[in-house]
There are 4 protein chains.
Amino acid sequence: METINIIIAGPRGRMGSEAVKLVTNTEHFKLAAVIDHKHDGMMLSDIAGFQAISNVPVYTDIEKCLQAVEADVLIDLTTPEVGMHHAKTALTYNVRPVVGTTGFSPEDLEELQQICDEKKLGCIIAPNFAIGAVLMMKFSQMAAKYFQDVEIIEMHHDQKLDAPSGSAVKTAEMISAVRESKQQGHPNEKETMTGARGADFNGMHIHSVRLPGLVAHQQVLFGADGQTLTIRHDSYHRGSFMSGVKVAVETVMKQNAFVYGLENILG
Amino acid sequence: METINIIIAGPRGRMGSEAVKLVTNTEHFKLAAVIDHKHDGMMLSDIAGFQAISNVPVYTDIEKCLQAVEADVLIDLTTPEVGMHHAKTALTYNVRPVVGTTGFSPEDLEELQQICDEKKLGCIIAPNFAIGAVLMMKFSQMAAKYFQDVEIIEMHHDQKLDAPSGSAVKTAEMISAVRESKQQGHPNEKETMTGARGADFNGMHIHSVRLPGLVAHQQVLFGADGQTLTIRHDSYHRGSFMSGVKVAVETVMKQNAFVYGLENILG
Amino acid sequence: METINIIIAGPRGRMGSEAVKLVTNTEHFKLAAVIDHKHDGMMLSDIAGFQAISNVPVYTDIEKCLQAVEADVLIDLTTPEVGMHHAKTALTYNVRPVVGTTGFSPEDLEELQQICDEKKLGCIIAPNFAIGAVLMMKFSQMAAKYFQDVEIIEMHHDQKLDAPSGSAVKTAEMISAVRESKQQGHPNEKETMTGARGADFNGMHIHSVRLPGLVAHQQVLFGADGQTLTIRHDSYHRGSFMSGVKVAVETVMKQNAFVYGLENILG
Amino acid sequence: METINIIIAGPRGRMGSEAVKLVTNTEHFKLAAVIDHKHDGMMLSDIAGFQAISNVPVYTDIEKCLQAVEADVLIDLTTPEVGMHHAKTALTYNVRPVVGTTGFSPEDLEELQQICDEKKLGCIIAPNFAIGAVLMMKFSQMAAKYFQDVEIIEMHHDQKLDAPSGSAVKTAEMISAVRESKQQGHPNEKETMTGARGADFNGMHIHSVRLPGLVAHQQVLFGADGQTLTIRHDSYHRGSFMSGVKVAVETVMKQNAFVYGLENILG
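Each chain has its residues counted from 1, following the order in which its sequence is written. Each chain is given a letter, starting from A, and each ligand a number, starting from 1, according to the order in which they appear as written. Residue-level local features of this predicted model are given only where pLDDT is at least 70; pairs of side-chain atoms are given and counted only at 80 or more, and the full residue set underlies all totals for whole chains, interfaces and linings. Remark: hydrogens and water are excluded; side-chain values derive from all non-hydrogen atoms of the structure.

Remarks on the relation of the copies chain B and chain A
Reasoning step 1: Fitting of the copies onto one another was done by least squares over C-alpha atoms, counting residues only where both copies have pLDDT of at least 70. The transformation that overlays chain B on chain A combines an axial shift of 0.0 Å with a rotation of 180°, and the residual RMSD is 0.1 Å. Viewed as a symmetry operation, the transformation between the two copies matches a two-fold axis. Using C-alpha coordinates, one finds that chain B approaches the rotation axis most closely at Gly195(B), a distance of 2.1 Å.
Reasoning step 2: A share of 100% of the interface residues of chain B reappears at the interface of chain A, consistent with the copies meeting face to face through the same patch. In what follows, residue pairs with any heavy atoms lying within 4.5 Å of each other are defined as contacts.

Written out as C-alpha cells, the structure is:
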C-alpha cells in the first residue's frame, strides 16, 4: 500500500494522543507533522509522552504547516471552531480532512461540502469513530425495517449523569426514520411500579442501566414470531475509536466528495 | 434407588399433565393413582391424552384414594383450597405432600407445619418449581451481601400485562432483605426521558422489556470496582418446572418437617 | 394495501400449516386455494386442524388449480422436485412463486431465472425464511470487512447430532468471502485441553454448545481495539420463519426478476 | 465502625498499589505502614506515585515494622516465600494476615493453620480476590447439584497464551466435585469440524474464545427441561480484586481460625 502522509491537529488530547499512536504504529501511515496551540517550532519528541517519536515538527499555525510539509490527510481532533478553520485551510492545500469533532453547524457542513465538490476532494466529518458503535446503529436501522418491535438497553458506569445515553437516543432516532410506527407492548399493559417499562420513544422503549464496574455498553433487541435478534456493542476503553480513524483515513484518499458520519462509508 | 409411589392430584391441568409425564418417565417413580374432580372409578387410560398409561385408577375423593392405594408422596397441582384439604388428609395417612400452588394463608402454613412436626413427616409447599428461577433468586440474595449495586432486567413476551414481573419483584424483595440500603446511580443523575432509569425499589432499579418472540427471561446484574456479576434465567417452555418437582419428591422423602419454598431445600 | 391472493402448496406440513395461519391472519392476504397431494375436490375445512377456515378449495393438480382460481402468489413448502414443477407451472400462469425448500440444482435455478426474465415476473427461492437468522448472517458479513477477528458460538438443544450447525458454517463461509485472511489468537497460543479453542475455519473459531433446555441460538462476536460487537439470533419456536414468508410475498409482487436467498431482498 | 490499622507488604506492585488506594480511600481503614524490599526508613510519600499519602513509614524488615507500629491486619501481596515469612511473623505479633498470593505448599498452609489455632487468630489466604469470580465458581458448584448438564465459555483478549483459562479449569473442578458424572451431548453427536464441541472435562465441555478488545470474561451455562441458568463474570480492569480484599480485611478481624480461599468466607 502507498504511504499516506498525515498531519494530526490536537496531538496532546485524549483522542489525539491515541491517534499519534495509531499513525506511528501503522505501516503505511507516516506522521508528517502535528499542529498544537503551543510548542511552535519544537519537535514532537520534545513534548512529554512523545519522546520516542522522532522527526515530527510541531506547528501552531496550520497555514505555515501546510506550506512546509507535504501531506495527504489532516486528522483533526480539536474543537468545532478550530476544526472548521483547519478543515477549510487543509482543502485549500489539497489535503483531505478527517475530523472527529461534534458540534458543526449545518452551514459549516454545507460550506465544506461545496469546497469538496469544487476541488473534487474527499473530506470526512465523524462525530463517532467507534466502528462497532456505528455498525450497531446502522444494523439496527436495517433490522427495524423488518422488525417493528424493538427495545434498547444501554448500560454505563454509575458516574454517568444523563439517561438515556446519547448513543441510545441516536439509535432510536435512526430506527424511527425507517420503522413503521407502533406503540409496543400490550395495549392494556400496566406498570405496577412507575418507570418499569423504561422511556418511551415513538412507542419503542429505552432502558438505562447504571452500575459501577460497567464501562459503555448497548444492546438493541428486536422481537418477532418466535425469534429475537440482538445487536450489542461493548466499549471497554478509549482506544476503541482508533480502527474507525484508520478506515476513515484510508477511505478519504479514494473519495472526491464530502461525507458526514462514519456510517456512510461503512458498507 | 427405591421406588417412590406417587399420587397426582389435578392430572389434567397444564402443570398436572407435565407431572404425569415426569412420574411415568422417571425410573424410580411409580404413578399409583390420580385424583380428579371427575372421572371417579375410571382408569387414567380412559381419559383423552393419557391412553398409553396403564393401571392407574382415578379417584374423586382423596380419602377413598388413600385407603385403597399405597403411596409415599402426593403431588398436588390443584388450587389452594383443594390443595390444603388434600395436604392435611395425606399427612393423616402418612403420605408426604409436595404442593405447587400459591395462595396459602399464613394460618394454613402454620397448621401444616404443626401436623408435620407432630407426625415427623416431610411436606413441601413451593409457589415456584422452576429450579433455575429459584436458584437465580437465591444466588442474587447471596451476591447482594457483597455487591450493593444491582439492577434487574426482566424480559417477557408482549402479551404480559403487568410490569415488573412477579419474579422480578420477589427477587428485589429477597435482595432487599440482606442488602445494605443505597440509592444507586450518580446523585445528580438526570432522566432526559422519563422512565429511562426504570422502576426504583429501595434504590435498586428494575427494567421490564416486552417483545414478541421472547418467552420468560430475567437477569440480575451486580457491579463493583472493575467487574460485573450476572445471574440469568431463561425459561423456554412450561416443562421447566419438572426438575423442581423431581427434586422436591426426592427430598420430601428424607425430611420430617415442613418446608415452604424450593429455595430452602436447594443447598 | 391491495389484497394479495395466495395459493399454498403443502398446507399440512410443519411449515405449511404455519403458512396457512399466516395467510389467514394477515389482513391484506387472502388464501385462494391449497395444493395437497391428496384430498382433491374437498374443502380445506374438511381436513383435521383446518375446520375453522372456510371457502378454501383443495386441489391435487396445480394446473387445474391455477385454471380455476385467481391468484397472485404461490407459496410452496413441499419438496425440491415438486417445488420445481410447481414454480415453473405457476410462472406460466403469471403467478409469482415464493418457495421455501432447499436442494434446487444450479440448473433448476438458472431455468427459473430465465423464465422470470422472459415473463418479467418475480420469484423468490429461500432456503431459510427466519429473517433474524438471515440478517445475523448478512450483518456478520458486513461487519467482517472492518473486524478481522471473529468467533462464532452456536448453541442448540442436546438432541442435535452435528456440530457445528449448518447456520454457523454458512455464516463462516459468508464472512470468509469478505474477510482479510488471518490466523486468530496468539501465535504461541496453547491448548492445555484439546478442543478448547473450538473448530478452526480459515483462522476463525467456531464453538458448539449443546444443552437440554436450549432451542437454537447463535452469536457472532467481533473484537478490536477496546471494543466488541456481537450479533445474536435466538430462535424459540418454529413460527419464526413466518415474518420472512410475509416479507417475501410482499416483495415478490414488486419484482420482475428471480431472487435466490432472503438476504438479497432484505436491505 | 472501628478503625482497622493496616500494614501493606508489596505496595509498589500491581496489586499492592491498588491496595494502597483501597486502604487510604476507605473510611474505617488506616494505612499504618508499608513493607518494601527497599526504601527502608523513608516515608511512602517519598516514593514516586505515592506523593499524596502522608505519614506512612516504609520498612524493609517486617519484625522492625511490627515492633514500631500498632497494626491489626497485614495485607501481603508479595511472593509465596516472602508471604509465608510475613504471615508467620505477623501472627507472632497478633496481627492477622490477609495474603493474596498463590503457590503456598500444603505444609505451609498446615503450619499457618496450627499457629492460628494456637493463637486463636484469623488469617485468610486467597489465590483470587475478585469476589465476582469467586461467587461465580461457588454458585456454579451449587447449581451443578441440580443441573447435570453444564458448559463453560471463557472469553479473553487474544494475547492470552493458554486455553482454557485457569479460572475455567478451577470452575470445572469445583463442579466435578459435586456433579453426578455424565457424558453430555447426544451419544451419536458428530463433529464435522474438529474441536467444535470444545474441550471435554469429565463429560462437560469448555470453550475458549480469544478476541482483541475482550478483557477477562466467563459464563457457566446450565441447561435442563425448558430452561437455562447462566452465571457470568466480567472483569474489566485490575481493580476488580479490591472489594475482595476489603471483605477479607473486615472478616479476618472477626475470625479466630485459618481460612483458605475467599469462597469460604462468602456465604
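As for the side chain of Thr230(A)
Reasoning step 1: Strands are runs of DSSP state E lasting at least 2 residues, helices are runs of H or I lasting at least 4, and numbering of each runs from the N terminus. Inspection of the secondary structure assignment puts Thr230(A) in strand E13 (residues 227–235).
Reasoning step 2: Residues contacting Thr230(A), with those up to four places away along its chain left out, are Gln219(A), Val220(A), Leu221(A), Thr230(C), Ile231(C) and Arg232(C).

Some points on the sheet that holds strand E4 (residues 73–76) of chain B
By way of backbone hydrogen bonds, the strands of a sheet pair with one another, either parallel or antiparallel.
Residue and element names in this part refer to chain B.
Reasoning step 1: Two strands qualify as a pair provided DSSP detects at least 2 bridges between them. Across the sheet, which stays open at both edges, the seven strands sit in the order E3-E2-E1-E4-E5-E6-E14 with parallel pairing between neighbours. Strands at the two margins of the open sheet, each flanked by one partner only, are strand E3 (58–59) and strand E14 (258–260).
Reasoning step 2: Here strand E5 (residues 96–99) pairs with strand E6 (residues 123–125) via two bridges, running parallel. From the neighbouring strand, Val99 faces E6, where its bridge partner is Ile125.
Reasoning step 3: Between the N-to-C directions of two axes lies an angle of 0 to 180 degrees, each axis being a line fitted to C-alpha atoms and, for a helix, fitted only over the stretch in contact. With respect to the sheet, helix H3 (residues 80–92) is in contact with strand E1 (4–9), strand E2 (29–35), E4 and E5, its orientation differing from that of E4 by roughly 180°.

Looking at unusual backbone geometry
Reasoning step 1: Across the junction of Ala163(B) and Pro164(B), the peptide omega takes the value 0°, indicating a cis bond.
Reasoning step 2: Positive phi values are uncommon outside glycine, yet Asn94(A) reaches one of about 65°.
Reasoning step 3: Checked against the element boundaries, Asn94(A) lands in the loop between helix H3 (80–92) and strand E5 (96–99).
Reasoning step 4: One non-glycine residue, Asn55(B), adopts positive backbone phi at about 65°.
Reasoning step 5: With respect to the secondary-structure elements, Asn55(B) resides in the loop between E2 and E3.

Quick word on the packing of aromatic side chains
We describe a pair of aromatic rings using the distance from one ring centre to the other and the angle between the two ring planes.
All names here are of chain A.
Reasoning step 1: Between rings of Phe, Tyr and Trp, where Trp is taken as its six-membered ring, a pair exists when centres lie within 6.5 Å; planes separated by under 30 degrees are stacked, by over 60 edge-to-face, and by other angles tilted. Under the defined criterion, the tally for this structure stands at eight aromatic pairs over all chains.
Reasoning step 2: Ring geometry for Phe147 and Phe222: centres 6.0 Å apart, planes at 50°, overall tilted. Separated by 75 residues along the polypeptide, Phe147 in the loop between helix H5 (131–144) and strand E7 (149–156) and Phe222 in strand E12 (residues 216–224) bring together distant segments of the chain.
Reasoning step 3: Using a relative accessible area of 1% as the deciding quantity, one classes Phe147 as buried. Think of it in three bands: with a 1.4 Å probe and only protein chains considered, a residue is buried below 20% of the maximum accessible area for its type, exposed above 50%, and partly exposed in between.

Considerations on the interface of chain B and chain A
Reasoning step 1: Taken together, the contact pairs 46 residues of chain B with 46 residues of chain A.
Reasoning step 2: Buried surface at the junction of chain B and chain A, summed over both partners, amounts to about 3,400 Å²; 66% is from carbon and sulfur atoms.
Reasoning step 3: Each of two parts loses accessible area, computed with a 1.4 Å probe, when they are put together; buried area is these two losses added. Of all residues in chain B, Leu161(B), Met193(B) and Leu211(B) bury the most surface against chain A, accounting for 17% of the area lost on that side.
Reasoning step 4: Any carboxyl oxygen of Asp or Glu that lies within 4 Å of a side-chain nitrogen of Lys or Arg is treated as forming a salt bridge with it. If you look at where chain B meets chain A, you find zero salt bridges.
Reasoning step 5: Pairs of N or O atoms within 3.5 Å make up the polar contacts considered here, provided that, within protein, one atom can donate a hydrogen while the other can accept it, and that residues adjacent in sequence are counted only when both atoms are side-chain atoms. Taken together, the connections running from chain B to chain A amount to 18 residue pairs in polar contact (both at pLDDT 80 or more).
Reasoning step 6: Secondary-structure elements contributing two or more residues to the side of chain B that touches chain A are strand E7 (149–156), strand E8 (162–163), strand E9 (190–191), strand E10 (199–201), strand E11 (204–210), strand E12 (216–224) and strand E13 (227–235) of chain B.
Reasoning step 7: Alignment of strand E9 (residues 190–191) of chain A against E8(B), held across two bridges, turns out to be parallel. From the neighbouring strand, Lys190(A) faces E8(B), where its bridge partner is Asp162(B).

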